[in-house]
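Analysis of the macromolecular model
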Amino acid sequence: MDKKVIYSAVQPSGNLTIGNYLGAIRNWVKLQNEYDCFYAIANMHAITVKQEPAELRRRTLELAALYIACGIDPEKSALYVQSHVPQHAELCWVLNSVAYVGEMSRMTQFKDKSQKHAENINMGLMDYPVLMAADILLYQAQCVPVGADQKQHVEIARDLAIRFNNRYGETFTVPEPLILKGGAKICSLQEPTKKMSKSDENPNASIFLTDDRDTVIRKFKRAVTDSGSEIVASDEKPGVTNLLNIYCAFKNCTLQEAEREFEGKGYGEFKLAVGETVADALSPIQEEQAKLLADKNYLGEILKSGADRAYRAARRTLSKVYRKIGFYQGE
Ligand code: ATP
Ligand code: LTN
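The paragraphs below set out a description of the structure included in this document.

1. Concerning the site of ligand 2
In the region of ligand 2, 13 residues are neighbours, and Gln11, Tyr128, Met132, Asp135 and Gln150 sit closest. The separation between a nitrogen atom of ligand 2 and a polar side-chain atom of Asp135 is 2.6 Å. With the chains in place, 92% of the 360 Å² that ligand 2 exposes on its own is no longer accessible. Every element with two or more residues in the shell around ligand 2 is listed here: strand 1 (5–10) and helix 7 (123–138). Top contributing element to the shell around ligand 2 by residue count: helix 7, with four residues.

Shown next, in the form of structure tokens:
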């Protein structure tokens, strides 16, 4: 039997945070032995908010290097740049005709980003979930490993797949989100009820994968904690709970184990331990990324072979879609 297909992507829209790592990329690595995986760099999604062209180009390569440094094996998984496979835009156009304006305008991310970028509420921003559905459905993916904030978008991809299949006959696999516990929602170090985000204006709110040891430790020292002095996870203590979640995700331990370890200890000692654990985990990734970025030709080859592989799969689905909807493709 064919292997199950996994699809996911990250936008090259800023420096990646430990939220992106724990919620998404780290889980992708674990899936690549068992499944047929496609991991993209979503540059077409990134331009829905303003990007500096030279920076977007540089970040695309940096993200490719980071994927590999985090453990994505380009021999096993197809690693490629979204815009290198034109079928993403083509399928998005078809799906636009089964997607409703009403449902897109209700998406949480659209509402948040429209508020944040009120001067630039463009069509792409609203169409973002349709392009994401096109990404997933092109590869007939069964499973989409993402952080909790993307669940709503994967649900839209499911709805569009079901709607299209009902209208035109069985065409798409209906995908499921895969949201693993632990790292699914890492919160801001400054406002621990909000998710950590790579585009937060406050640099102390997020730990970037590129932060050096001193920066990581300093940011954790400054992290907002809660009243009281106990180190336990609870709804009343969002700051401490977030730090415990981060610690456990990097140490691969349970919350109970971590609570026991820090019983009777103060916030200062706890924050230092979290900072050191995170810095220790990031340093080999940073070294590997720097090595990879020194050989741009090698990275270019990997992205080309990933795009070739993705293209073959995408072309098959798109041709089926065009047949179903009645696009003339020659006799
Ligand atoms: P932006 O701030 O530019 O909107 P982002 O930091 O939210 O970006 P995305 O590119 O939207 O990052 O997300 C990439 C992946 O990382 C997605 O699977 C998303 O669910 C996951 N992710 C993002 N932030 C977090 C977080 N704080 N905790 C867990 N997972 C996250
Ligand atoms: N919107 C996603 C990135 C993304 C994605 C996808 C994730 C683009 N296409 C397809 C899963 C499947 C985000 O994380 N912001």
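2. Considering the pairing of strand 2 (residues 36–41)
Counting buried positions along strand 2 yields five of six residues, so the element is predominantly enclosed. Where strand 1 lies against strand 2, six bridges are found, and the strand directions are parallel. Along strand 2, the bridge assignment pairs Ser8 with Tyr39. Read as a crossover between parallel neighbours, the route from strand 1 over helix 1 (residues 18–31) to strand 2 is right-handed. For strand 2 and strand 3 (residues 78–81), the ladder comprises four bridges, and the chain directions are parallel. Residue Phe38 lies in a different strand from strand 3, and its bridge partner there is Ala78.

3. Details of the nonpolar core
Counting residues in each nonpolar core, the largest one holds 57 residues, and the members touching the most others are Ile18, Tyr67, Phe220, Ile246 and Val278. It is helix 12 (residues 267–293) that contributes the most residues to this core, ten residues altogether. Once residues lying within four places of it in the same chain are set aside, the contact partners of Tyr67 are Ala9, Val10, Ile25, Trp28, Tyr39, Ala40, Ile41, Ile72 and Leu79. The next biggest cluster of nonpolar side chains, apart from the first, holds 47 residues, and it includes Val5, Ala134, Ile136 and Tyr139.

4. Description of the environment of Leu209
Structurally, Leu209 is set in the loop between strand 5 (176–178) and helix 9 (213–221). With 39 residues separating them in the primary sequence, Leu209 and Cys248 have C-alpha atoms 17 Å apart. Excluding residues that lie within four positions of it along the chain, Leu209 makes contacts with Leu16, Thr17, Ile18, Tyr21, Leu66, Leu282 and Gln286.

5. Concerning empty space enclosed by the protein
Taken as a whole and judged by the stated rule, the model has two cavities of 30 Å³ or more. Reported here for the largest cavity is a volume of approximately 120 Å³. Forming the walls of the largest cavity are Pro12, Gly14, Asn15, Leu16, Arg59, Glu62, Leu63, Leu66, Leu209, Thr210 and Gln289. Considering every element that reaches the lining of the largest cavity, the biggest residue donor is helix 3 (residues 53–69), with four residues.

6. What about the pattern of salt bridges?
According to the stated counting rule, one finds 14 salt bridges in the structure shown. Of the charged contacts in the structure, one is a salt bridge between Glu55 and Arg59, with a shortest N-O distance of 3.0 Å. Residue Glu55 and its partner Arg59 are both found in helix 3; the two are separated by four residues, about one turn of the helix. Exposure remark for Glu55: the relative accessible area of 30% places this residue in the partly exposed category. Under the relative-accessibility criterion, Arg59 is labelled buried at 15%. The partner of Asp73 in a salt bridge is Lys76, and the shortest N-O contact between them spans 4.0 Å. For Lys76, a relative accessible area of 37% corresponds to the partly exposed category.

7. Structural notes on the packing of aromatic side chains
Taken as a whole and judged by the stated rule, the model has eleven aromatic pairs. An angle of 75° between the planes, with centres 5.1 Å apart, marks the rings of Trp28 and Tyr67 as edge-to-face. Taken together, the residues Trp28 in helix 1 and Tyr67 in helix 3 connect sequence positions 39 residues apart. Between Tyr247 and Phe262, the aromatic rings sit 5.1 Å apart at their centres with planes inclined by 70°, giving edge-to-face as the arrangement. Placement of Tyr247 in helix 10 (residues 238–251) and of Phe262 in the loop between helix 11 (255–261) and helix 12 is noted, with a sequence separation of 15 residues between them. Of the two residues, Tyr247 and Phe262, both sit in the buried class.

8. Considerations on helix 8 (residues 151–168)
Helix length check: helix 8 (18 residues) gives 26 Å between terminal C-alpha atoms against 26 Å at 1.5 Å per residue, within 8%. Buried residues of helix 8: His153, Val154, Ile156, Ala157, Leu160, Ala161, Arg163, Phe164 and Asn165, and no others. Of the residues one or two after helix 8, Gly169 is the one with positive phi, at around 100°.

Conventions we followed
Residues numbered from 1 in each chain as written. Chains lettered and ligands numbered in written order. Predicted model: local features only at pLDDT ≥ 70, side-chain atom pairs only at ≥ 80, totals over all residues. Heavy atoms only, no water. Near = heavy atom within 4 Å. Polar contact = N/O pair within 3.5 Å; in protein donor to acceptor, adjacent residues only side chain to side chain. Areas by Shrake-Rupley, 256 points an atom, 1.4 Å probe, with all protein chains shown as cover. Helix = DSSP H or I, 4+ residues; strand = E, 2+ residues; numbered from the N terminus. Buried < 20%, exposed > 50% of the residue type's maximum accessible area, 1.4 Å probe, protein only. Pairing = 2+ DSSP bridges. Right-handed = clockwise from strand over helix to strand, strands pointing away. Core = buried A, V, L, I, M, F, W, Y, C linked by side-chain atoms within 4.5 Å. Contact = heavy atoms within 4.5 Å. 1 Å grid on protein atoms, 1.4 Å probe; cavity = no way out; pocket = protein on both sides within 12 Å on 5 of 7 lines; lining within 4 Å. Points joined across faces, edges and corners; volume = space filled by probe spheres on them. Salt bridge = Lys/Arg side-chain N within 4 Å of Asp/Glu carboxyl O. Phe/Tyr/Trp six-rings, centres within 6.5 Å; stacked < 30°, edge-to-face > 60°. Expected span 1.5 Å × (residues − 1).

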